[in-house]
Amino acid sequence: MSVLISANPRVQCKKCGRPATVRIRYAKLNLCSEHFTEYIEERVAKTIERYKMHSDLKKLLIGVSGGKDSMSLLYILSKLKSRYNIEIVCLHIDLGLNNYSEESKSIIIEASRELGIPCLIISLKDLIGYTLPELVEKSKRPPCSLCGMLKRYVLNLVGLEIGADAIALGHHLDDILSFALKDFLLQDLVDFSKMTPITPGIPGVAAKRIKPLYEVYESDLELYAKLKNIRVVGANCPFKYRDPITTSARKMLDELEEYAPGFKISLSRKLARNASRYVQGESIILCKYCGMPSSSGICGFCKLTMKVMGEPKGREAREKIRKLVDSSSFNN
Ligand code: AMP
Ligand code: ZN
Ligand code: ZN
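Residues numbered from 1 in each chain as written. Chains lettered and ligands numbered in written order. Predicted model: local features only at pLDDT ≥ 70, side-chain atom pairs only at ≥ 80, totals over all residues. Heavy atoms only, no water.

1. Examining the coordination of the zinc ion (ligand 3)
Line of reasoning, step 1. Coordination of the zinc ion (ligand 3) by the protein comes from Cys287 (SG), Cys290 (SG), Cys299 (SG) and Cys302 (SG), over a distance range of 2.2 to 2.3 Å.
Line of reasoning, step 2. One can describe the donor arrangement at the zinc ion (ligand 3) as tetrahedral, given that its four donor atoms subtend angles of 106 to 114° at the metal. (Donors = N, O, S within 2.8 Å, 3.2 Å for Na, K, Ca; no water. Tetrahedral: all angles 85-135°; square planar, octahedral: opposite > 155°, others 65-115°.)

The structure is reproduced here in structure tokens:
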């Protein structure tokens, strides 16, 4: 975790000697703003290399929500792309959350133009005729699990259709550890086992997923976005909710980090080594309607669309996405 410090000529940046503006507690390092942002970019580069996220990676799809995490990820990866020789494309799924979605879209389009990264915006309403709030209303399912399932499904389809070697997500260190601890407390070992830096893909069925911010603290991303003047969505997601177990898990992890700075990073490295051992040979059955991965033979997307619209819409959604990708409806 890093904190802003007020300018004091006696506290100098370790790299350039100018007055430091940030104290990185876990690294016992004081840096100026410019060297702090460079430090975060290098942390991401080291994470990519530590977990070999760049091996066989030529084309990368980044899922961007408009929040500070995925916006910072977009900026950091656009800086690192030439080092690893990767082509980047980004995707925003417009869930139809009124002001929140409108603001997110405009921020993402502006940033992708500035960075010269092709950006695809897919609206859920155009794809299946309903926005997220309408689906919540019709299905009576909890918004966050519905939203997570829909985003995973659409990201995966786009990843497959554009031939991406991987999809990058903006989950950071604090997210990952608090979700892992929650899954452990609930003994939800299938989900726990997925808290790894890389989720391997299945050719033609599931795109590989990578988490380049696996070792980056949330507060560092906040500072990074602020110091880089990155525009992020100001409005809150109308469904934003953190369950009590994740909240307590996060509090406990924060206390341990306070007591031993760097605790979270070392825990993340152990988790990366061990998480996948908890569940081996999880069976994946392909959905009988759309051919995408499922645990029971019908995927979450087809189940939902059957319930709400009377028939499974997975295949139709893929067809629409294929057309969008073929007509290269990218924003630049
Ligand atoms: P969340 O489930 O909202 O915590 O998001 C996890 C990650 O999924 C984010 O860091 C993004 O990489 C990606 N993501 C979230 N929302 C969207 C969206 N609307 N469109 C595309 N990717 C998204
Ligand atoms: Zn400096
Ligand atoms: Zn399906």
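So much for the structure itself; the text now carries on.
2. Focus on helix 5 (residues 132–139)
Line of reasoning, step 1. Buried residues of helix 5: Leu132, Leu135, Val136 and Ser139, and no others. Buried residues of helix 5, seen end-on, are gathered within an arc of 105° and therefore sit on one face of the element.
Line of reasoning, step 2. Where helix 5 is buried, its residues meet helix 4 (124–128), helix 6 (143–161) and helix 12 (300–309).
Line of reasoning, step 3. Positive backbone phi, at 60°, marks Lys140, one or two positions downstream of helix 5. (Buried < 20%, exposed > 50% of the residue type's maximum accessible area, 1.4 Å probe, protein only. Helix = DSSP H or I, 4+ residues; strand = E, 2+ residues; numbered from the N terminus. Arc of directions from axis to C-beta. Contact = heavy atoms within 4.5 Å.)

3. Focus on the site of ligand 1
Line of reasoning, step 1. What surrounds ligand 1 is the set Gly63, Val64, Ser65, Ser70, Leu91, His92, Ile93, Lys151, Leu169, Gly170 and His171.
Line of reasoning, step 2. Take Gly63: an N or O atom from its main chain is 2.6 Å from an oxygen atom of ligand 1.
Line of reasoning, step 3. Ile93 is positioned with one of its backbone polar atoms (N or O) 2.9 Å from a nitrogen atom of ligand 1.
Line of reasoning, step 4. Coverage of ligand 1 by the protein chains reaches 77% of its 470 Å² of free accessible surface.
Line of reasoning, step 5. Among the elements that take part in the shell around ligand 1, strand 5 (residues 87–94) stands out by supplying three residues, more than any other. (Near = heavy atom within 4 Å. Polar contact = N/O pair within 3.5 Å; in protein donor to acceptor, adjacent residues only side chain to side chain. Areas by Shrake-Rupley, 256 points an atom, 1.4 Å probe, with all protein chains shown as cover.)

4. Concerning the coordination of the zinc ion (ligand 2)
Line of reasoning, step 1. With distances of 2.0 to 2.3 Å, the protein atoms coordinating the zinc ion (ligand 2) are Cys13 (SG), Cys16 (SG), Cys32 (SG) and His35 (ND1).
Line of reasoning, step 2. Its four donor atoms give the zinc ion (ligand 2) angles of 99 to 115° at the centre, a pattern that matches the tetrahedral case.
Line of reasoning, step 3. Read in sequence order, the donor residues for the zinc ion (ligand 2) give the motif C-x2-C-x15-C-x2-H. Taken as a pair, Cys16 in the loop between strand 1 (2–4) and strand 2 (22–24) and Cys32 in the loop between strand 3 (29–31) and helix 1 (33–50) lie far apart in primary sequence, 16 residues in all.
Line of reasoning, step 4. By relative accessible area, which is 5% here, Cys32 ends up buried.

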